[in-house]
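The primary structure of each chain is shown beneath.
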Amino acid sequence: MARLYEFQSKALLRGGGVPVPEGAVASSPAEARAIAEKLGRPVVLKIQVWVTGRAGLGGIQFADTPAEAEEKAARLLGMKVKNFVVDKILVEEKLAVEFEYFAGIVMDDAAKRPLLVFSSVGGTGVEDIVRKHPDKVVRRTIDVRTGLREFEARNMVLRSGISGPALLQISDLLTKLASVARVYDARSVEVNPLVRTVDGRILAADCHLVVDDYAVYRHPDLGIEIAREFDRPPTELERVAYKAEEKDYRGTFYFLQMAEKAEEGRTLIGFHGAGGGGSMMSMDAVQSRGFTVANYCDTSGNPPASKVYRAAKVILSQPGIKGYFASGSGVASQEQYNSARGLVKAFAEENLAIPAVIRLGGNFEEEAIQILGTYLQDLPGRVEAFGRDDPPEACAARLADLVAEGGGISHEVRPMKEPLIQTSAYSFATLTGRISIDHSQCLHCESKGCISACAPRILKVDEDGRPVLAISEPEAKKGKCTECLACELYCRFHEKQAVTIELPIPGLKEYRDGIAGKS
Amino acid sequence: MSIFVDGKTRVLIQGITGREGVVRAQLMKDYGTNVLAGVTPGRGGREVYGIPVFDSVEQARDRVGEIDASVIFVPAALVKNAALEALAAGVKLLVIVPDRVPIYDVLEIAAAAEEAEARFVGPNTLGLLSPGKAVLGMIGGRAQRAKEWFQPGPVGVSSRSGGMTSAIAYYLSRAGLGLSTIVHVGGDSIVGSSHPEVMELFEKDPETRAVAMFGEIGTTQEERVADLIEQKKFTKPLVAFIGGKAAKSGTRFSHAGAIVDGNRGSYESKVGRLREVGVHVVEAAADIPARIAEILGSKA
Ligand code: SF4
Ligand code: SF4
């Protein structure tokens, strides 16, 4: 949620010397009253949600007395607006506005610079207003190494037709606005309206600032929970997914819920893409085949099998999906067997009953397809694997056939089971999980196949013929064990199911219990 | 010929001792890229896959001679420093592979590159590859695959998606149409070399006779390519696919964005503008090779 609320944005402006109305944020009617009392003059109450046109929705109210502020706050708090439930309102001095302007900073991808836009007309419906008055709109790019200089701002404001005392106030404000944007790594800042009051003050009456997702780590003070741009608060499952991704920098895992139900006449499926462009193209392909995607998901950047596994578990925590579609660009540079193993572990644990079409083209796709083919034959749901020579459109058509053949059964989200692990089992920690090996099984195992399955060669057989780490435990934990899952899959499908790899997903158990409880 | 890179380009790898650096150094070297040195501050004196490692770009340059291009694999938070270091040492082409580089860092790199009259590709790029000559970045993953998948020839590829760069290039090669250079411009909203900049290079490259472009919704890159064509600065045949048709357009939150760009950035705007100037916009990426074959065939 790198988009900040109005009250947060204004706090940053105030800190940077940009004048904003006096006020504070309230979460209860009593707090609203206290703020109004402290201000000692008429106030405006504004719901804190990310939607435009709050006034039209009744989300902006005025109050002349503290008692009235309390009463209006009681009405606003708890109000439902689109996907939001209002839990905070901003209580501010009511301004006597004489003029409304507009100021904004966005990224100019052609100039590769921030672009400042100022319009001497602003307010509600600013887009239409400026279309009618193009001469009032001025813009200039900012050199990031010098920042916006005062004279640059002044010339700009002059060009918009403003002179007199407001000129200097506005140009000063714009230079400060540009430096707030810079300091807080804002992808965009918007002040609409910027106002001049009847007593001649220039203030940012409203403000929205969006912090660059990639720079959120530089601003722990902002308390941003999810560094991703959402146009609504994240769902519980999105939070779970984000937490799972947060501390693991090997590749990326992005998860976004899009629909709970299929649109009329369409079929709901889970979507698992790899790489932005390929995912988008694959999503276009399934949507034009009559599917509704429940979610968008992308695991890319050469993720380990453990990450793909977690993504699949999250996708399969969505009840009602009737198919699973995994497809990326088709010719990926990443080692596709990692994705294949992650999917196999997840599908096997779920005992997947719905059909799945997996398009894993690219590096080592033959191995990947073979892994999926060998290990997933016995599931109730049919899993088919495709490679780079199969276009996404054909794969989407295949999924449609499989769903039809299988009678369109829905995926059931069951509570998570704790794996059974002997307390005596040999075990060691990995970067994000734990591997346990039940050595009592290994004595009767001739292949010792787990050892050769381990590509990084970190397992060996000890004197008693049992597989153990060939490296130190801290080394394994630091990442020498790549969480490729090969040892577990080998043993599960060819030997005695002695290996268990636990890859916790904090919060998913509770989430699933909640779903199972509801149904 | 090719653009950006050929077999003679003298290449450096920054972050060569990291997780990705090591693996991709092997890819680049095995493919035949002229990799002369690597840099990881504090690891000078080592070797990675036979490539000497130095403590700084300047030191590397002093030991091995001029560097034409640097491929950067350092963590996102350190990218700015690494890029500025390379520019300061006179490197004229950077390929910035990492994802999640803060946007203001990219803007600073852009300003420094402009001043140094250097170019950069990325961030968030798989890099670029001139078949049979060199690869910068990680396209293809392993040298053997990259050699099999991508054949030399007359078609240039420019793509906003890494995976689709390889996919389109592979489909073209499979169809018997070879490639001059394939470029993943990077997935971020601000990139060093966007589609129009790549088109200008393809325009100048005598070997490139047609170009395939994979565009996406967002940014103004594809519209600016249309502008270039209109200004006759790009005159070669272009076949384009735009991804994101099914994406929900959603509410626009940024008035400033709307004021500046109007509806530029949308699927309709891109396809409309490109068709207006005569670009062949296809409905499925898999149709690209056939269209290119048609165009090249009719010209031959
Ligand atoms: S393959 Fe399984 S049973 Fe055999 S040694 Fe390895 S862990 Fe033990
Ligand atoms: S022990 Fe080896 S085979 Fe098992 S997950 Fe770790 S790296 Fe993979």
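Residues numbered from 1 in each chain as written. Chains lettered and ligands numbered in written order. Predicted model: local features only at pLDDT ≥ 70, side-chain atom pairs only at ≥ 80, totals over all residues. Heavy atoms only, no water.

Caption draft 1: A look at the overall build of chain B. Each helix and strand counted, chain B has 11 helices and 14 strands in total. On C-alpha atoms alone, chain B measures out to a radius of gyration of 19 Å, which is about the 19 Å that the 2.2 N^0.38 rule sets for 300 residues. The principal-axis extents of the C-alpha atoms in chain B amount to approximately 55 × 50 × 30 Å. Taking all 300 residues of chain B together, the buried fraction comes to 63%. Counting only contacts in chain B whose residues sit at least 6 apart along the sequence, the fraction spanning at least 24 positions is 72%. Accessible area of chain B: about 10600 Å², with a carbon and sulfur share of 49%. Computed over 34 positive and 34 negative side-chain charges, the inter-centroid distance for chain B is 4 Å. (Helix = DSSP H or I, 4+ residues; strand = E, 2+ residues; numbered from the N terminus. Rg over C-alpha atoms; globule rule 2.2 N^0.38 Å. Buried < 20%, exposed > 50% of the residue type's maximum accessible area, 1.4 Å probe, protein only. Contact = heavy atoms within 4.5 Å. Areas by Shrake-Rupley, 256 points an atom, 1.4 Å probe, with all protein chains shown as cover. Lys, Arg positive; Asp, Glu negative; His and termini not counted. Charge placed at Lys NZ, Arg CZ, Asp CG, Glu CD.)

Caption draft 2: Seen up close, the domain arrangement of chain A. Residue and element names in this part refer to chain A. Its domain assignment divides chain A into domain 1 (22-93), domain 2 (97-222), domain 3 (236-405) and domain 4 (426-502). Between domain 3 and domain 4, the C-alpha centre-to-centre distance is 27 Å. The partner domain 4 presents 14 residues to the 15 residues of domain 3 that form the contact. A buried area of about 1200 Å², summed over both sides, lies between domain 3 and domain 4, and 59% of it is on carbon and sulfur atoms. For domain 3, the biggest contributors to the area lost against domain 4 are R341, K345 and Y375; these three give 49% of the whole. For the salt bridge of K345 with E488, the shortest nitrogen-to-oxygen distance reads 3.0 Å. Applying the counting criterion to the domain 3 and domain 4 interface returns five residue pairs in polar contact (both at pLDDT 80 or more). Elements that contribute at least two residues to the side of domain 3 that touches domain 4 include exactly helix 9 (305-315) and helix 10 (336-350). The element best represented in the side of domain 3 that touches domain 4 is helix 10, accounting for seven residues. Taken together, the residues that form the side of domain 3 that touches domain 4 break down as six nonpolar, three polar and six charged. (Domains from an automatic or database assignment. Buried area = accessible area lost by both parts, 1.4 Å probe. Salt bridge = Lys/Arg side-chain N within 4 Å of Asp/Glu carboxyl O. Polar contact = N/O pair within 3.5 Å; in protein donor to acceptor, adjacent residues only side chain to side chain. Nonpolar A, V, L, I, M, F, W, Y, C, P; charged D, E, K, R; others polar.)

Caption draft 3: Focus on the sheet that holds strand 21 (residues 434-437) of chain A. All names here are of chain A. Strand order in the open sheet formed by three strands is 20-21-24, with antiparallel pairing between adjacent strands. Two strands close off the open sheet at either side, each with one partner strand: strand 20 (426-429) and strand 24 (499-502). Each neighbouring strand pair of the sheet contributes to a mean axis angle of 15°, computed without reference to strand direction. Direction of pairing for strand 20 relative to strand 21: antiparallel, over a ladder of four bridges. Looking at strand 21, one finds that S427 is bridged to S436. Contacts from helix 16 (residues 486-494) reach strand 21 and strand 24 within the one sheet, and its direction differs from that of strand 24 by about 140°. (Pairing = 2+ DSSP bridges. Axes fitted to C-alpha atoms, helices over the stretch in contact; angles between N-to-C directions.)

Caption draft 4: Inspection of helix 3 (residues 66-76) of chain A at higher detail. All names here are of chain A. Of all the residues in helix 3, the buried ones are A69, K72, A73 and L76. Around the axis of helix 3, the buried residues are gathered within 105° of arc, so they sit on the same side. Positioned one or two residues after helix 3, G78 has a phi angle of 90°, which is positive. (Arc of directions from axis to C-beta.)

Caption draft 5: The arrangement of the interface of chain B and chain A in detail. Counting residues at the interface gives 63 residues for chain B and 67 residues for chain A. Joining chain B to chain A, the criterion identifies five salt bridges. Notably, a salt bridge pairs D105 of chain B with R218 of chain A, separated by 2.5 Å at the nearest N-O pair. On inspection of chain B and its partner chain A, the count reaches 10 residue pairs in polar contact (both at pLDDT 80 or more). Of all the elements in the fold, those that place two or more residues in the side of chain B that touches chain A are helix 1 (19-31), helix 4 (103-116), helix 5 (143-149), helix 6 (162-174), strand 12 (210-216), helix 8 (221-230), strand 13 (238-243) and helix 9 (255-261) of chain B. For the side of chain B that touches chain A, the leading source of residues is helix 4 of chain B, giving nine residues. Each residue belonging to the side of chain B that touches chain A can be placed in one class, and the counts come to 31 nonpolar, 15 polar and 17 charged.

Caption draft 6: Focus on the site of ligand 2. As a matter of local geometry, ligand 2 sits amid I435, C454, P456, I458, C481, T482, E483, C484, L485 and C487 of chain A. Partitioning the shell around ligand 2 into residue classes produces eight nonpolar, one polar and one charged. (Near = heavy atom within 4 Å.)

Caption draft 7: How the structure looks around the domain arrangement of chain B. All names here are of chain B. Each assigned domain of chain B is listed here: domain 1 (1-124) and domain 2 (150-300). Its C-alpha centre places domain 1 at a distance of 26 Å from the equivalent point of domain 2. With 14 residues of domain 1 at the contact, the number on the domain 2 side is 19 residues. In total, domain 1 and domain 2 occlude about 1500 Å² of area from one another, counting both sides; carbon and sulfur atoms represent 58% of this. One can count zero salt bridges joining domain 1 with domain 2. Among the secondary structure elements, those contributing two or more residues to the side of domain 1 that touches domain 2 are helix 4 and strand 7 (119-121). Of the residues belonging to the side of domain 1 that touches domain 2, the class tally is nine nonpolar, three polar and two charged.

Caption draft 8: Here's a closer look at the pattern of salt bridges. Summed over all chains, the structure comprises 51 salt bridges over all chains. One salt bridge connects R41 of chain A with E93 of chain A, and the closest N-O pair in it is separated by 3.0 Å. Of this pair, R41 of chain A sits in the loop between helix 2 (29-39) and strand 2 (43-47) while E93 of chain A sits in strand 6 (residues 89-93), and the two are 52 residues apart along the sequence. Judged by relative accessible area, R41 of chain A falls into the partly exposed class, the value being 32%. Residue E93 of chain A is classed as buried on the basis of its relative accessible area, which comes to 3%. Close ionic contact of E115 of chain B with R145 of chain A constitutes a salt bridge, the shortest N to O distance being 3.4 Å. With E115 of chain B in helix 4 and R145 of chain A in the loop between strand 9 (137-141) and helix 5 (150-159), this pair bridges two chains. With a relative accessible area of 59%, E115 of chain B lands in the exposed category. On the accessibility criterion, R145 of chain A (42% relative accessible area) is partly exposed. Sharing partners across several salt bridges, the network here consists of E6, K10, K46, R54, E92 and D206 of chain A.

Caption draft 9: Layout of the environment of G192 of chain B. In this fold, G192 of chain B is placed in the loop between strand 11 (179-184) and helix 7 (195-204). Sequence separation between G192 of chain B and V121 of chain B is 71 residues, and the spatial gap between their C-alpha atoms is 5.0 Å. In contact with G192 of chain B, other than residues within four places in its own chain, are K112 of chain A together with F120, G122 and E197 of chain B.

Caption draft 10: The arrangement of the nonpolar core in detail. Ranked by internal contacts, the top residues of the largest apolar core, which has 79 residues, are F4, F150, L172 and I292 of chain B. A per-element tally of this core places helix 6 of chain B first, with seven residues. Mapping this core onto the domain boundaries places at least three of its residues in each of domain 1 (1-124) and domain 2 (150-300) of chain B. Those residues in contact with I292 of chain B that lie beyond four places of it in its chain are V155, L172, L177, A210, V211, A212 and V239 of chain B. Among the nonpolar cores identified, the runner-up in size contains 74 residues, and I142 and Y184 of chain A together with V79 and A118 of chain B belong to it. (Core = buried A, V, L, I, M, F, W, Y, C linked by side-chain atoms within 4.5 Å.)

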